[in-house]
Amino acid sequence: MPRTVRDVVFVDGVRTPFGKAGPKGIYNETRADDLVVKAIRELLRRNPDLDPKKIDEVAIAATTQIGDQGLTLGRTAGILAGLPQSVPGYSIDRMCAGALTAVTAVAGGVAFGAYDVALAGGVEHMGRHPMGEGVDPNPRFVSEKLVDESALFMGMTAENLHDRYPTITKLRADEYAVRSQEKAAKAYADGKIQQDLVPISVRNTNEAAGETGWGLVTTDEPMRPGTTLENLAGLKTPFRTHGRVTAGNAAGLNDGATAAIIASEDFARENNLPVKMRLVSYSFAGVEPEVMGYGPIPATEKALAQAGLSIEDIGLFEINEAFAVQVLAFLEHYGIADDDARVNQYGGAIAFGHPLASSGVRLMTQLARQFEEQPHVRYGLTTMCVGFGMGATVIWENPNFNAEGDSK
């Protein structure tokens, strides 16, 4: 018999604070899978009306699926988090859009009726597993000129995108980066970020003193409040001599995890679960790998067309800030000002960090929080560029929408 497509909703999402990758980072002695476990447990704690036995799937993304990010994370993290053994799980890899893809993958199952409720998220421990660890790219990519060699290095692709958009200067990228830091600091000061963070206990070792102790991580480590244009002006351009991409106008190398509950709207209502966002459409698109940062543009065009919407219908944007130039290219394409108030209201990855496969759900939790505060906004989107030449966009509807501006 024919199936009816069901409305899919974003029930709730959480994340760990993001850390700096490397031996001095807060998660240097913390396992990647343990970060995911903490996120899943926090979701269940925050939503006590969700019976764990009813969870139909756990989809967890990681870009480097080895070591403590391997062994089919969705399944193993579910068991470690205390979910019933009857709850299945799997792993996903779409590089930076891993968690976003985990959400859309389970959303398709919910819409079709295969699932009522599922968990989706991602993790990246770039300190333990640097991007590209254990990877052996086929030499044909370069020898047969299937892609430009720069496609294998994300910073170089950002420089290539600057070439495509000569009006996006280093100064514009730095100005954007300063605004991201300022907005993130304000969001923290206003208590907008902490509500969705999972405190993480970490072990810290002071090798010089021969001491080991425990601490509690409650804030993002990469943030640099007080960043100025003067601070950024003198930074090195490691990907090209006299280039435009620096550590100041790009996201860093980071560790962190995210998790979200995705359900049918009927299931959420029947089980007294919150409905924070309603899924409208999603799309993925491929572009030339050497200009990876262009990907959000065609992905957004496809998602808008599927939804029967135009860019003018979008009242809030959460755009992943892998590089400032990538966001600025998107804004320039659509004729949106660099400092448009609808864009990344709480700041973005340049401030918070970008632990690759986990970042998609961070965009969603921030958009959901803004929806709650702004019932006059009906539609918002989350979008990001993806390594090796892709883009990913999800359009969401605000369930609190009221044209009069009053929440229901």
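Residues numbered from 1 in each chain as written. Predicted model: local features only at pLDDT ≥ 70, side-chain atom pairs only at ≥ 80, totals over all residues. Heavy atoms only, no water.

### Regarding the UniProt feature "domain: Thiolase C-terminal" (unreviewed entry) in the chain
For step 1, the next point in the chain: Sequence positions flagged by UniProt for "domain: Thiolase C-terminal" (unreviewed entry) are, in local numbering, residues 275-397.
For step 2, the next point in the chain: End C-alpha to end C-alpha, residues 275-397 measures 11 Å, and it is 33% helix and 26% strand. (UniProt positions renumbered as here; feature names shortened; annotations may be inferred. Helix = DSSP H or I, 4+ residues; strand = E, 2+ residues; numbered from the N terminus.)

### Quick word on helix α2 (residues 73-80)
For step 1, the next point in the chain: Within α2, the full set of buried residues consists of L73, G74, A77 and G78. For α2, the angular spread of the buried residues around the axis is 125 degrees, confining them to a single face.
For step 2, the next point in the chain: Each element contacted by the buried residues of α2 is listed here: α1 (32-46), β3 (57-61), β4 (89-92) and β5 (117-125).
For step 3, the next point in the chain: Directly after α2, the chain includes G82, whose backbone phi takes a positive value near 90 degrees. (Buried < 20%, exposed > 50% of the residue type's maximum accessible area, 1.4 Å probe, protein only. Arc of directions from axis to C-beta. Contact = heavy atoms within 4.5 Å.)

### Some words on the packing of aromatic side chains
Note on aromatic pairs: each is described by the distance of the centres and the angle between the planes.
For step 1, the next point in the chain: Taken as a whole and judged by the stated rule, the model has six aromatic pairs.
For step 2, the next point in the chain: Between F10 and W396, the aromatic rings sit 5.9 Å apart at their centres with planes inclined by 75 degrees, giving edge-to-face as the arrangement. Here F10 is found in strand β1 (residues 8-15), whereas its partner W396 is found in strand β12 (residues 390-397), with 386 residues between them in sequence.
For step 3, the next point in the chain: Of the residues examined, W396 reaches a relative accessible area of 1% and is grouped as buried. (Phe/Tyr/Trp six-rings, centres within 6.5 Å; stacked < 30°, edge-to-face > 60°.)

### A few points about the environment of A351
For step 1, the next point in the chain: Here A351 lies in helix α11 (residues 349-352).
For step 2, the next point in the chain: Of the residues examined, A351 reaches a relative accessible area of 0% and is grouped as buried.
For step 3, the next point in the chain: In this structure, the C-alpha to C-alpha distance between A351 and P225, residues 126 residues apart in sequence, is 8.3 Å.
For step 4, the next point in the chain: In this structure, A351 is in contact with S180, Q181, A184, P222, M223 and E321, ignoring residues within four places of it in sequence.

### So, a nonpolar patch on the surface
For step 1, the next point in the chain: Where nonpolar side chains cluster on the molecular surface, the patch consists of V142, L152, F153, M156 and F239 and spans about 380 Å² of accessible area.
For step 2, the next point in the chain: Of note, L152 is situated in the loop between α4 (140-143) and α5 (154-164). (Patch = residues over 30% accessible without salt bridge, like charges linked within 9 Å, V, L, I, M, F, W, Y side chains within 5 Å. Areas by Shrake-Rupley, 256 points an atom, 1.4 Å probe, with all protein chains shown as cover. Salt bridge = Lys/Arg side-chain N within 4 Å of Asp/Glu carboxyl O.)

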